[in-house]
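A closer look at the structure
Given next are the chains, with one letter for each unit.
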Amino acid sequence: MNWEQLLSLKRYGDTNKRLRKEQDETRLGFEVDYDRIIFSAEFRGLQDKTQVVPLSKTDFVHTRLTHSLEVSVVGRSLGRRVGQLLLKKHPHLESSHGYKMNDFGAIVAAAALAHDIGNPPFGHSGEKAIGAYFKEGSGANFKDLLTAKEYQDLCDFEGNANGFKILTESREGREGGLRLSYATLGAFMKYPKESLPKKPSKHIVDKKYGFFQSEKQMFNDVATDLGLIKRHDDYLSFQRHPLAYLVEAADDICYTIIDFEDGINLGLIQEEYALEYLINLVRDSIITKNYNTLKTTEDRVSYLRALAIGRLIEEAATLFMKHEEAILSGKFETGLLDVSQYKAQIKDIIDISINNVYRSKEVINKEIAGYQILNQLLESFGKMAFNYYDDNMSNYDKLLLSTLPEIVKLSNESLYENLLAICLYISKLSDTNAMLLHKKLQGQIL
């Protein structure tokens, strides 16, 4: 892979090549990507979606929106640092093509901003709930009416693939979705493969999948334009865009440190015990005099959090440059922080978060509720989607259909497209709106 192709400014529908040297410096194309994402309805919907603690009313706790903003900020800093180092190593990118350090930061920031845009209500349990409906619930009845890959898309419903759909799906008056640059779309695609075969290797790319069959052509167009390395001839799979490693690292840094911070501030992790783990990560950076003046848990945690994030940004940038050639040739098979010198400290922090936060009674109870809510929504709307396809709508189905937003289109031609449209609709619901819709269907509210 080469950086000239990887930094493509092309957008869906372009007929002429966009050159970096011709960009308006006051509003670069990659910065336009950020603007389009942040003003989208789907991004705004993240303000009432679970990050770790579902439906929490405390100001301390992060939602998907605040998490995404923080990942974007970390990604911008990480991208700029790497951009600075890359331009020193490859000066022709600036002298011949006009790329600047900030371009790398803008691409990573935009992709990081969108990295959770496809996540359904109630966090990762929401993904599992949708998948369970098709694997174990009534949705299993549709298996013989779908191709193997279509059915697998639904059984392992994936927020990353759903995000790619949201960013790129055409509808009337909005061809190409948000029409982001291909560089940003490439950086967004953490798992550039289709849903089958499932986990064919231990390569980081094969951990999950990155697009639904409905977006297969768009995905292939983006990957081909960027010059991503094709990994297989018998199914669609590519090596990652190098900047996707930075988006992933920014996400890893934030959920490692900030979910841990949430756990401390909620009292789920004891302060004295927890601070020692953060100190182990940044011990040589602490200014003892300043630290000792901090009187509250929140201030002490905030101080250590800032040092830890800064430390891990520099570490990720160093690792990226160390492995740049392997990344460009598709031979780097793990996440950046998986080979970090701080791997042990990171694991310690994540293990505590898993035991004390992710498995806390509050989180588990609300995930159970979310699981039931989404299953019931799929029971009603999934049956309606099939009956529409089968041209056998009941009066109740017609009432349900009338409640759907105008942009949700069903047809008699593709059951897969109908089911995916319903999943997309439900995935865009906030936690609160999913609860309210569930209560309406149960006749509990009007």
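Refer to the structure presented above.
Report on the accompanying structure. Quantities reported herein were computed from a predicted structural model and do not represent experimental measurements.

**Remarks on the overall build of the protein chain**
The secondary structure content of the protein chain amounts to 21 helices and zero strands. In summary, the protein chain has a C-alpha radius of gyration of 22 Å against a globular reference of 22 Å for 446 residues, a match within 12%. Taken over the C-alpha atoms alone, the protein chain extends approximately 70 × 55 × 40 Å along its principal axes. Long-range pairs, those at least 24 residues apart, make up 73% of the contacts in the protein chain with a sequence separation of at least 6. Surface summary for the protein chain: the accessible area is close to 19,600 Å², and the carbon and sulfur share equals 49%. Of the side-chain charges in the protein chain, 56 are positive and 62 negative, and the distance between the mean point of each set is 2 Å.

**Topic: helix H12 (residues 242-265)**
The end-to-end C-alpha separation of H12 is 35 Å, in line with the 34 Å expected for 24 residues at 1.5 Å each. Of all 24 residues making up H12, 23 are buried, and the element is well covered by its neighbours. Looking one or two residues past H12, Gly267 carries a phi angle of roughly 80°, positive in sign.

**Digging into the nonpolar core**
Soluble, globular proteins show a tendency: their nonpolar side chains are buried together. Core analysis: the largest hydrophobic core is formed by 94 residues, its most contacted members being Trp3, Ile37, Leu243, Phe260, Leu304, Phe320 and Leu336. Contacts of Phe260, omitting those with residues within four sequence positions, involve Tyr255, Ile269, Ala274, Tyr277, Leu278, Ile349, Ile352 and Ser353. Core analysis: the next-biggest nonpolar cluster, separate from the first, contains 37 residues, Cys155, Phe157, Phe381 and Ala421 among them.

**Here we look at unusual backbone geometry**
With an omega of 0°, the peptide bond between Leu196 and Pro197 qualifies as cis. Relative to the helices and strands, Pro197 resides in the loop between helix H10 (182-188) and helix H11 (216-226). At Arg179, a residue that is not glycine, the phi angle is positive and equals roughly 50°. Relative to the assigned elements, Arg179 resides in the loop between helix H9 (159-168) and H10.

**Thoughts on the packing of helix H18 (residues 361-389) against helix H21 (residues 431-441)**
Contact geometry for H18 and H21: axes closest at 10 Å, N-to-C directions at 55°. When the axes of H18 and H21 are compared, the pair comes out oblique. With respect to the hand of their crossing, H18 and H21 are arranged in left-handed fashion. Contacts between H18 and H21 involve Ile373, Gln376, Leu377, Ser380 and Phe381 on the former and, on the latter, Ala434, Met435, Leu437, His438 and Leu441. Each residue belonging to the contact of H18 with H21 can be placed in one class, and the counts come to seven nonpolar, three polar and no charged.

**With respect to the packing of helix H7 (residues 123-135) against helix H8 (residues 148-155)**
For any two helices packed against each other, one specifies the inter-axial angle together with the distance between the axes. At a closest axis distance of 7 Å, the pairing of H7 and H8 adopts a crossing angle of 135°. Relative to H8, the element H7 is oriented oblique. Between H7, through Ile130, Gly131, Phe134 and Lys135, and H8, the contact on the second element is made entirely by Tyr151, Leu154 and Cys155. Tallied by class, residues from the contact of H7 with H8 come to five nonpolar, one polar and one charged.

**Observations concerning the environment of Lys398**
Its place among the elements puts Lys398 in helix H19 (residues 395-403). When its relative accessible area of 48% is taken as the criterion, Lys398 is described as partly exposed. Taking the C-alpha atoms as reference, Lys398 lies 42 Å from Ser72; in sequence the two are 326 residues apart.

**Digging into the packing of aromatic side chains**
Inspection of the entire model under this criterion finds 13 aromatic pairs. Considering the side-chain rings of Tyr133 and Phe134, the 4.9 Å spacing of their centres and the 80° angle between planes classify their relative orientation as edge-to-face. Using a relative accessible area of 1% as the deciding quantity, one classes Phe134 as buried. Where Phe211 meets Phe219, the ring centres are 4.1 Å apart and the plane angle is 25°; that geometry is what we call stacked. Phe219 gets classed as buried once you look at its relative accessible area, which sits at 0%. Aromatic rings pair up to connect Phe164, Phe211, Phe219 and Phe238 into one cluster. Across from the ring centre of Tyr245, 4.8 Å away, lies the NZ or CZ of Arg240, which sits over that ring.

Procedures and definitions
- Residues numbered from 1 in each chain as written.
- Predicted model: local features only at pLDDT ≥ 70, side-chain atom pairs only at ≥ 80, totals over all residues.
- Heavy atoms only, no water.
- Helix = DSSP H or I, 4+ residues; strand = E, 2+ residues; numbered from the N terminus.
- Rg over C-alpha atoms; globule rule 2.2 N^0.38 Å.
- Contact = heavy atoms within 4.5 Å.
- Areas by Shrake-Rupley, 256 points an atom, 1.4 Å probe, with all protein chains shown as cover.
- Lys, Arg positive; Asp, Glu negative; His and termini not counted.
- Charge placed at Lys NZ, Arg CZ, Asp CG, Glu CD.
- Expected span 1.5 Å × (residues − 1).
- Buried < 20%, exposed > 50% of the residue type's maximum accessible area, 1.4 Å probe, protein only.
- Core = buried A, V, L, I, M, F, W, Y, C linked by side-chain atoms within 4.5 Å.
- Axes fitted to C-alpha atoms, helices over the stretch in contact; angles between N-to-C directions.
- Parallel < 35°, antiparallel > 145°, perpendicular 65-115°, else oblique.
- Left-handed = near helix turned anticlockwise from the far one by under 90°.
- Nonpolar A, V, L, I, M, F, W, Y, C, P; charged D, E, K, R; others polar.
- Phe/Tyr/Trp six-rings, centres within 6.5 Å; stacked < 30°, edge-to-face > 60°.
- Lys NZ or Arg CZ within 6 Å of the ring centre and 35° of its normal.

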